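Descriptive analysis of the structure
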Amino acid sequence: MPPLRLLALLIAALPCLAQYTIQRATSPITIDAKLDEAAWRNAASMGDFSFNWYQSGDKEQTVVKILYDDENLYVSWYVHDKHISAYQRQRHGPVSKDDCVEIFIAPNAAKPGNYYTWEINAIGTMLNRNKSDWYTGGATWEPVGVEYKTTFHGADKKDEMPEDDHWIVEMKVPLQNFSHDAAHTPPLDGDQWRLNVNRIGGKTNPQLSSWAPILPPLKSFHSPEAFGSVSFANPPVPAQTRGLGMRRIRFNPADAKAGGEIYQRSCTMCHGLNGEEGDRAPALGAQRRYLRRTSEDLYDAIKNGIKGTGMPGSPIPETEVRKLVAYIHSLRATAVDLEVPGNVARGGELFEGSANCSKCHMVNGRGGIRGPDLSDIGAERSLAAIREALTIPKPFAPLRFQPVKVVTRKGQTITGLLKNQHNSSYQILGNDEKLYLLFSSEIESIEFQKQSLMPANKYKSLPAADLEDLVAYLSRQARSRR
Ligand code: HEC
Ligand code: HEC
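Residues numbered from 1 in each chain as written. Chains lettered and ligands numbered in written order. Predicted model: local features only at pLDDT ≥ 70, side-chain atom pairs only at ≥ 80, totals over all residues.

1. Structural notes on the overall build of the protein
Looking only at helices and strands, the protein features 10 helices and 18 strands. Taken over the C-alpha trace, the protein has a radius of gyration of 25 Å; the compact-globule value for 482 residues is 23 Å, and the two agree within 12%. Buried residues in the protein amount to 35% of all 482 residues. In the protein, 67% of the contacts between residues at least 6 apart in sequence involve partners at least 24 apart. (Helix = DSSP H or I, 4+ residues; strand = E, 2+ residues; numbered from the N terminus. Rg over C-alpha atoms; globule rule 2.2 N^0.38 Å. Buried ≥ 20, exposed ≤ 12 C-beta atoms within 10 Å, placed from the backbone. Contact = placed C-beta atoms within 7 Å.)

2. Quick notes on the packing of helix α6 (residues 344-352) against helix α10 (residues 464-475)
Here α6 crosses α10 at 100 degrees, and the two axes come no closer than 7 Å. With respect to α10, the element α6 is oriented roughly perpendicular. Counted together, V344, R346, G347, G348, L350 and F351 of α6 and D466, D469, L470, A472 and Y473 of α10 form the full contact between these two elements. A per-class count over the contact of α6 with α10 returns six nonpolar, two polar and three charged. (Axes fitted to C-alpha atoms, helices over the stretch in contact; angles between N-to-C directions. Parallel < 35°, antiparallel > 145°, perpendicular 65-115°, else oblique. Nonpolar A, V, L, I, M, F, W, Y, C, P; charged D, E, K, R; others polar.)

3. Observations concerning the site of ligand 1
Lining the immediate environment of ligand 1, one finds 25 residues, of which C267, C270, A281, G310 and M311 sit closest. Sort the elements by how many residues they give to the shell around ligand 1 and helix α4 (residues 295-304) lands first, with three residues. (Near = placed C-beta within 6 Å.)

4. A look at the site of ligand 2
Taken together, 27 residues lie near ligand 2, and C357, C360, G371, S452 and M454 sit nearest. Of all the secondary-structure elements, those providing two or more residues to the shell around ligand 2 are α8 (383-391) and α10. If one sorts the elements of the shell around ligand 2 by residue count, α8 sits on top with three residues. Classifying every residue of the shell around ligand 2 gives 19 nonpolar, four polar and four charged.

5. Some thoughts on the domain arrangement of the protein
Along its sequence, the protein is organised into domain 1 (18-232), domain 2 (250-332), domain 3 (344-393 + 454-481) and domain 4 (402-448). Computed from C-alpha coordinates alone, the two centres of domain 1 and domain 4 are separated by 29 Å. Each partner contributes residues to the interface: domain 1 has six residues there, and domain 4 has seven residues. Each residue belonging to the side of domain 1 that touches domain 4 can be placed in one class, and the counts come to four nonpolar, one polar and one charged. (Domains from an automatic or database assignment.)

6. Brief notes about the packing of helix α3 (residues 253-266) against helix α5 (residues 318-332)
One can describe the packing of α3 onto α5 by two numbers: an axis separation of 7 Å at closest approach and a directional angle of 100 degrees. By the angle class used here, α3 and α5 are roughly perpendicular. Facing α3, whose interface residues are D255, A256, A258, G259, G260, I262 and Y263, α5 presents E320, R322, K323, L324, A326, Y327, H329 and S330.

7. Notes on the sheet that holds strand β18 (residues 443-448)
Spatial strand order, β17-β16-β15-β14-β18: five strands in an open sheet with antiparallel pairing. Only two strands of the sheet have a single partner each, and these edge strands are β17 (435-439) and β18. Each strand of the sheet is rotated relative to its neighbour by a mean of 40 degrees, with strand direction disregarded. In this sheet, β17 lies alongside strand β16 (residues 425-430) in antiparallel orientation, the contact comprising five bridges. Looking at β17, one finds that L429 is bridged to L435. (Pairing = 2+ DSSP bridges.)

Structure representation (structure tokens):
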């Protein structure tokens, strides 16, 4: 195995502490600050909090668990605390002066700057903010349908007492609050969000701690670049429907094209243009949980409608319904399933030659390792997503591709990508393709650059034919389909 490839594998295998898998709740959850349901007992803790700016005092831990179901996200905090005090009673008041817990959630991993906050003190006063680029409602925010309870919920105040030992917060947040930034609500298996969970305040021993570590020079919980990564686990599809998934369905491109025309004519009073979400009906290309996948199910929905919903049956002749089905398959297809106009061979030459893509990307074991391996990109992504990757820069670098500049205490400067982050160490893939392991005690400063290494800005001005050829080449890279 070539050494670079080995290195890439090593990086992929390294663990990263600020990561958590959110499982589906295994039982109903009552919001009563008790955490006595089987669902909570079965759930894993996120792990120990870090005391980021520690100077002295007792490091009291916080045990946090997160679950979800089709409707809600559930968060629980079990706060070990020998000195519990809280006085703020005003909605959106400065609750972080009191014993207080927080969660900051960014539902789009590529845009951690779009995050929403929940801060709750021990007597149940809550402050919410929305830090996203689309929110125009001012300093505070009203999430819909949130239910929560704390151990001392509704008390006028909570003074410290000798018997103080712990307090609990249990919260339920409807997933619809995240639909603006999340790829799917409810999330699909493997969907990634970013977030941090914090603890702060109180009179005695007011330690600052958080789940994902925040290292100097970052000084605040409001550091989305330091958020940890969570992914959602969704149980696999039952065995009898496996294999009928959209990925393996082939369709006739001419039928799909004809179906598209029928669709634009007959279906867009509810669904959106080009299969997108409309005013009265969902996107047909989107990955919904209750998606109808097989040709038979789609045929049935179009012909007979979907009982109990706004989807009507249709008098369209059978052959036309078949074409609509082909069109819907084409919307859901990954790039390798589709005809592409560009020249695949010429795209490959550009990739390795003048466009210089292989400087950063590996295809079938050849190329650089700073960008993702593209050997299976045609089976992983839609054609639209590949085009977009080449022409629209991401507003934030994705996880594991975050460019950083580190200066060590010894005065060495290392620029590269932050691959992993432990409580007390960073793994950085240098621009020299060497892997650096640095302990936080060795680091003088670390700077996070917003701009991803992927030079999409530059490529959008490539001649249209070159872009099409590159897209064609990438769309045929489908190792898993051979
Ligand atoms: C009067 C509004 C309306 C019209 C017209 C309409 N739809 Fe729908 N359609 C809906 C609604 C609402 C749903 C969502 C039903 C649900 O909640 O499951 C839906 C769902 C569907 C689904 C199921 C999607 C899935 O993945 O589960 C398919 C397929 C579909 N429509 C195809 C079509 C086609 C093709 C046409 C045109 C021939 C069409 N629809 C016209 C309202 C409409
Ligand atoms: C300087 C290094 C660099 C060069 C040169 C480069 N890329 Fe990238 N590319 C990256 C990085 C890093 C990412 C991941 C971060 C991102 O998506 O912004 C990426 C992401 C991508 C993606 C998205 C992958 C996915 O999983 O969705 C595609 C497609 C891609 N690059 C294609 C190309 C092509 C084609 C070229 C040449 C025209 C190219 N890249 C040149 C570094 C580079």
